[in-house]
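Residues per chain, in single letters:
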Amino acid sequence: MTENTEKKEINFLPFHAINEFMLDEYRLHIIQETLYGLSSLPPNLRKPLDQFTNRFIKISGFRNPVKAPVNLKINPFMEAFKKQPKLVAATLAAWANIHSELQNQIFQLLQSRQWELLPIDADRTVLPGFLIIWPAEENFETIYQAYQNQFPLSKVSIDDVSLMSVWLSGRLPYKSSETAEKSNS
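Take the overall build of the protein chain next. What the protein chain contains, in helices and strands, is eight helices and three strands. Listed N to C, the secondary structure of the protein chain is β-α-α-α-α-α-β-α-α-β-α in terms of helices and strands. Taking 2.2 N^0.38 as the reference for a compact globule, 185 residues should give roughly 16 Å; the C-alpha atoms of the protein chain span a radius of gyration of 18 Å, in line with that estimate. When the 185 residues of the protein chain are sorted by exposure, 41% land in the buried category.

With two bridges connecting them, strand S1 (residues 12–13) and strand S2 (residues 130–134) associate as antiparallel partners. Paired with Leu13 across the bridge in S2 is Phe130. Relative to strand S3 (residues 171–176), S2 runs parallel, the two being bridged by three bridges. Bridge pairing links Ile133 to Lys175 in S3.

Looking at the protein chain as a whole, the pLDDT averages 91, with 90% of positions reaching at least 70. Scored below 50 in pLDDT, residues 1–5 shows one contact in the model against residues more than four places distant or in partner chains. Low pLDDT, under 50, characterises residues 180–185; the predicted model gives this stretch one contact beyond four residues in sequence or across chains.

Here we take up the packing of aromatic side chains. This model, assessed by the stated rule, comprises eight aromatic pairs. Taken together, a centroid distance of 5.8 Å and an interplanar angle of 15 degrees make the contact between Phe52 and Phe56 stacked. Of this pair, Phe52 and Phe56 both sit in helix H2 (residues 43–56), four residues apart, roughly one helical turn. A ring pair is formed by Phe130 and Trp167, whose centres lie 6.5 Å apart and whose planes are at 80 degrees; its orientation type is edge-to-face. One end of the pair, Phe130, is in strand S2; the other, Trp167, is in helix H7 (residues 158–169), with 37 residues separating them in the sequence. Across this residue pair, the class does not change: Phe130 and Trp167 are buried. Grouping aromatic residues by their ring pairs yields a cluster made of Phe15, Phe130 and Trp167.

Next up on the list: the layout of surface pockets. In this model, the second largest pocket occupies a volume close to 350 Å³. What lines the second largest pocket is a set of 17 residues, and nearest its centre among them are Leu45, Ala93, Asp121, Ala122 and Asp123. Secondary structure elements with two or more residues in the lining of the second largest pocket: H2, helix H4 (85–98) and H7. Counting residues per element, the lining of the second largest pocket draws most heavily on H4, which supplies four residues. Of the residues in the lining of the second largest pocket, the class split is ten nonpolar, four polar and three charged.

In a soluble, globular protein the nonpolar side chains are often hidden away together inside. Formed by 52 residues in total, the largest nonpolar core has its most connected members in Ile18, Ile106, Tyr147 and Trp167. For this core, the elements supplying multiple residues, two or more each, are helix H1 (24–36), H2, helix H3 (70–81), H4, helix H5 (100–112), S2, helix H6 (140–150) and H7. Counting residues per element, this core draws most heavily on H4, at nine residues.

The next subject is H1. Taking 1.5 Å per residue, 13 residues should reach 18 Å; H1 reaches 18 Å between its end C-alpha atoms and fits that length. Every buried residue of H1 is accounted for by Tyr26, Arg27, Ile30, Ile31, Thr34 and Leu35. In a view along the axis of H1, the buried residues occupy a sector of 165 degrees, so they form one face of it. Pointing more than 90 degrees away from the buried face of H1 are the exposed residues Glu25 and Tyr36. Its buried side turned inward, H1 meets H2, H3, H4 and H7.

Conventions used here
Residues numbered from 1 in each chain as written. Predicted model: local features only at pLDDT ≥ 70, side-chain atom pairs only at ≥ 80, totals over all residues. Heavy atoms only, no water. Helix = DSSP H or I, 4+ residues; strand = E, 2+ residues; numbered from the N terminus. Rg over C-alpha atoms; globule rule 2.2 N^0.38 Å. Buried < 20%, exposed > 50% of the residue type's maximum accessible area, 1.4 Å probe, protein only. Pairing = 2+ DSSP bridges. pLDDT = per-residue confidence, 0-100. Contact = heavy atoms within 4.5 Å. Phe/Tyr/Trp six-rings, centres within 6.5 Å; stacked < 30°, edge-to-face > 60°. 1 Å grid on protein atoms, 1.4 Å probe; cavity = no way out; pocket = protein on both sides within 12 Å on 5 of 7 lines; lining within 4 Å. Points joined across faces, edges and corners; volume = space filled by probe spheres on them. Nonpolar A, V, L, I, M, F, W, Y, C, P; charged D, E, K, R; others polar. Core = buried A, V, L, I, M, F, W, Y, C linked by side-chain atoms within 4.5 Å. Expected span 1.5 Å × (residues − 1). Arc of directions from axis to C-beta.

Next comes the structure, spelled out in structure tokens:
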């Protein structure tokens, strides 16, 4: 390594760190939507969720928690969601697929705002977690305002737009790129 070579360090937060940015009611909403939407998912998204359900969730009276009714899975699933990064990644991938129209809209929106993104069909579950650098001058409110301007007839909530932005960008708003540049100087 020469003196002129900069050492770039990429920091990730594990996927379950997203819980620090979610209200309990919204987390419940996401889990319910995902579990009730499982039957509509392609096998490549349903299978990992079933495997993690089998591995991390225990439901009294069911040797195989996958076969339990959704209403019995929700609370144990929520507890596992708070602790298991792989379960979070699989859940968010499934949730994004269930909301494919929103996924396409947010992808277009972030691209138009010059965000660095993986291709829309990339498997984000294989990443080690979320990047911690968020683009300067961007926040959930500015993204939602831009979304409303671009899709004025949409009734999607700021929470759904924010979550989809986090998932597609692979970033949590932990530090802004402006703050990161100052700390590297």
